[in-house]
Amino acid sequence: MTRLLGRDLRTRLTVLYAALLAAALVVYAACVSAFFLHNLREQIDVSLDRDLETVEGNLVLNPNGHLELHTHEGEADEDNEYDRGYFLEVWSRDGNLLYRSEQLADQSLGTTPHIPSEHRREAAQSLRLPSGTRVRTMSRVHYLTGDMSVIVRLAVSEEHLWGEFWERIAVLIVGLPITVAFVAIMGYLVAGRALRPVDTMARRAAEITAEQLKARLKIDNPEDELGRLGTAFNATLARLENSFDQLRRFTADASHELRTPLTAIRSVGEVSLRKTGDQKYYRDIIGSMLEETNRLTKLVDSLLTMSRADAGRVQPHFTETRPLDLARESASLLEVLAEEKEQTLRVEGDEVVTVMADRTILRQALVNLIDNAVKYTPIKGSILIRVSNHLQGAVIEVQDSGPGIPVEHRSRIFERFYRVDKARTRAEGGTGLGLSIA
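An account of the accompanying structure is given in this report. (Residues numbered from 1 in each chain as written. Predicted model: local features only at pLDDT ≥ 70, side-chain atom pairs only at ≥ 80, totals over all residues. Heavy atoms only, no water.)

Description of the environment of Ser382
Here is step 1: Within the secondary structure, Ser382 is located in strand S11 (residues 382–390).
Here is step 2: On the basis of relative accessibility, which here comes to 36%, the residue Ser382 falls in the partly exposed class.
Here is step 3: Expressed as a C-alpha distance, the spacing of Ser382 and Ser401, which sit 19 residues apart in the sequence, is 5.8 Å.
Here is step 4: When residues no more than four places from it in sequence are discounted, the contact partners of Ser382 are Thr344, Thr377, Gln399, Asp400 and Ser401. (Helix = DSSP H or I, 4+ residues; strand = E, 2+ residues; numbered from the N terminus. Buried < 20%, exposed > 50% of the residue type's maximum accessible area, 1.4 Å probe, protein only. Contact = heavy atoms within 4.5 Å.)

Spelled out as structure tokens, the structure:
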């Protein structure tokens, strides 16, 4: 189908609209032709009805009982104007032919008419004589005397009607292809002009690479369909640029975070190899290396967790869960860290609140939030975990008495490896992934 219509959109649109226009013009021409033919026949019917009344007035019985057709001067003339311009038949009510125009010879204007006495006329109809002539006929009951009636059938040739009709059809047949061809050519030119911005955007888009994501498409009219398409494409480029920037930062930060514990392990190992010491010395060295290894393991585990989440391989298993029990369970895991800093860790809330959630995933998010609260809350500070029920659903809040997050950093705290205070966070042992995982 694409090969028939053409490969480019411009050609397909032109062919499609030309085909629709041709179909519409054919239907329109057919309707106009049918209306024109019907109108011509109505005019003939009006003329037939009027002339049939004239013929009835000129039909008389001679003294011999024969039917004669008189002219308006009253003289009998079988070669009068009615026979010359019309075809006439007169039948008795019992089916006997009383009069027939000489032009008809042995031809009949249809079957023998049978019109009930209560109906005085028969609807006009078209037929073709054995000679091939097409005629329009009309019949009517005519009373010659008080009790004698005949059936008068008058016909007129339709050849002139069909001649005029076919002349109109010929004009339409010649004009329609010319019109469609003209409109198709103009449509092709208009489509080319209308689709020119698409070609421009396509060429511009083909020039944009991963190193040129700052480039944007030029949009002349952002309000029309093509303008909205270009705007959407520019928005996509902006998102891609942002994603690439985040990926670059993530790669750089991940490399730095991985290098830090590896460098520490290597430094401790190299120093210990150059020195000699007792068992306690080597235990301290090994402890330092295990501490850095533990930090490195946590970082790798966090990266794997985020990688699985990004790939959609983390499938939640929802069960009915009480958030308050989950908050208490998460807080108990970090009570030791809070006690070391003499912090007050409280959990309060509504016992009846239940949710459908994955306990493991939700607990990990809560642990990360509470762990951040413990890290950033000063010594002898307080941490409150509150569970409540709102119209939108269950809410778990973690509130601490730490310094808070400055307004300019709040929109970025869920970015990977992002830290408000990098020096202090690294000293606390954080990786900058806790809130991203949460």
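Moving on from the model shown.
Quick word on the pairing of strand S12 (residues 393–400)
Here is step 1: Where S11 meets S12, eight bridges bridge the pair, whose relative direction is antiparallel. Counterpart to Ile385 in the pairing with S12 is Val398.
Here is step 2: The hairpin turn running from S11 into S12, its antiparallel successor, is two residues long. (Pairing = 2+ DSSP bridges.)

A word on the environment of Trp162
Here is step 1: Along the polypeptide, Trp162 turns up in helix H4 (residues 159–194).
Here is step 2: Measuring from C-alpha to C-alpha, the distance between Trp162 and Leu40 comes to 9.4 Å, with 122 residues separating the pair along the chain.

Examining H4
Here is step 1: For H4, with 36 residues, the first-to-last C-alpha span of 51 Å sits near the 52 Å given by 1.5 Å per residue.
Here is step 2: In this fold, the buried residues of H4 make contact with helix H2 (9–58), strand S6 (134–143) and helix H5 (196–207). (Expected span 1.5 Å × (residues − 1).)

Let's talk about the packing of H2 against H4
Here is step 1: Look at H2 against H4: their axes get within 9 Å of each other, and the N-to-C directions meet at 160 degrees. Taken together, the axes of H2 and H4 are roughly antiparallel relative to one another. Relative to H4, the crossing made by H2 is right-handed.
Here is step 2: Looking at the contact of H2 with H4 residue by residue, the classes come out as 22 nonpolar, seven polar and four charged. (Axes fitted to C-alpha atoms, helices over the stretch in contact; angles between N-to-C directions. Parallel < 35°, antiparallel > 145°, perpendicular 65-115°, else oblique. Left-handed = near helix turned anticlockwise from the far one by under 90°. Nonpolar A, V, L, I, M, F, W, Y, C, P; charged D, E, K, R; others polar.)

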